[in-house]
Amino acid sequence: TQHYKNAMQQVDSIATKSPVQRVGYFLLKLRTDQIKQGGLQTNELILPFPKSMIANHLSMTPETFSRALKKLQTLGVRVEQDHIILTNEFALCHFCDPDMGYFCHKYEADDCPVH
């Protein structure tokens, strides 16, 4: 069921979200998965695959992926080769949705940066 739900989210994401939104959601999911699996709760992510492979997964060209990453810099996302550094822990919060919010203790709380 979870795999089906993930597949449906990916199809919806490709059809309705801009490239920046897709990349932001991907990075937020990566961070959420890292925390959920007991990983360090740092503000640094390591891309699990080459950027070209991630771009393909998100249905965009590598150039579009790079442009989207560049646009995310204004939100506090710094890119250093295969490392993504969030300048603050809430840098990706506005890409959050109810499925992602399930994993966040601040989701829909008074101090939630999304609401």
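We now turn to the structure provided with this report. (Residues numbered from 1 in each chain as written. Predicted model: local features only at pLDDT ≥ 70, side-chain atom pairs only at ≥ 80, totals over all residues. Heavy atoms only, no water.)

Here we look at unusual backbone geometry
Then, number 1: Positive phi outside glycine occurs at Gln 81, with the angle close to 55°.
Then, number 2: Looking at the secondary structure, you find Gln 81 in the loop between strand 2 (77–80) and strand 3 (83–86).
Then, number 3: The exposure class assigned to Gln 81 is exposed, which follows from its relative accessible area of 68%. (Helix = DSSP H or I, 4+ residues; strand = E, 2+ residues; numbered from the N terminus. Buried < 20%, exposed > 50% of the residue type's maximum accessible area, 1.4 Å probe, protein only.)

A word on the environment of Asp 97
Then, number 1: Secondary-structure assignment places Asp 97 in the loop between strand 3 and helix 5 (98–101).
Then, number 2: The class of Asp 97 is buried, set by a relative accessible area of 18%.
Then, number 3: Along the backbone, Asp 97 and Val 114 are 17 residues apart, and their C-alpha atoms lie at a distance of 9.2 Å.
Then, number 4: Within polar-contact distance, the side chain of Asp 97 engages the side chain of Tyr 25 at 3.5 Å. (Polar contact = N/O pair within 3.5 Å; in protein donor to acceptor, adjacent residues only side chain to side chain.)

Re the pairing of strand 2
Then, number 1: Bridge count between strand 2 and strand 3: four bridges; the pairing is antiparallel. Pairing of Val 77 across the sheet is with Leu 86, part of strand 3.
Then, number 2: Where strand 2 folds back onto strand 3 in an antiparallel hairpin, the turn is made up of two residues, including Gln 81, whose phi is positive at roughly 55°. (Pairing = 2+ DSSP bridges.)

A look at the pattern of salt bridges
Then, number 1: Under the counting rule described, the total for this entry stands at two salt bridges.
Then, number 2: Asp 33 is the salt-bridge partner of Lys 29, the closest N and O atoms lying 3.2 Å from each other. Taken together, the residues span about one helical turn, with Lys 29 and Asp 33 both in helix 2 (residues 19–36) at a distance of four residues.
Then, number 3: Here Lys 29 falls in the partly exposed class, since its relative accessible area comes to 26%.
Then, number 4: Among the salt bridges present, the one from Arg 78 reaches Glu 80, with a minimum N-O distance of 3.0 Å. (Salt bridge = Lys/Arg side-chain N within 4 Å of Asp/Glu carboxyl O.)

Re the nonpolar core
As a rule of thumb, soluble globular proteins bury nonpolar side chains together.
Then, number 1: Judged by nonpolar contacts, the single largest core of 25 residues is most densely connected at Val 23, Leu 27, Phe 65, Val 77 and Ile 84.
Then, number 2: At six residues, helix 2 tops the list of elements feeding residues into this core.
Then, number 3: Those residues within four positions of Leu 27 in sequence are excluded, and the remaining contacts are Leu 45, Leu 47, Leu 69, Leu 72, Val 77, Ile 84 and Leu 92. (Core = buried A, V, L, I, M, F, W, Y, C linked by side-chain atoms within 4.5 Å. Contact = heavy atoms within 4.5 Å.)

A look at the sheet that holds strand 1 (residues 44–46)
Then, number 1: The three strands are arranged 1-3-2 in an open sheet whose pairing can be described as antiparallel. At either end of the open sheet lies a strand with only one pairing partner, and these are strand 1 and strand 2. Averaged over neighbouring strand pairs, the angle between their axes works out to 20° when direction is ignored.
Then, number 2: As defined by bridge partners, strand 1 adjoins strand 3 across three bridges and the pair is classed as antiparallel. Across the sheet, the residue bridging to Leu 45 is Ile 84, located in strand 3.
Then, number 3: Contacts from helix 2 reach strand 1, strand 2 and strand 3 within the one sheet, and its direction differs from that of strand 1 by about 100°. (Axes fitted to C-alpha atoms, helices over the stretch in contact; angles between N-to-C directions.)

By themselves, these are just geometric observations and shouldn't be taken as functional.
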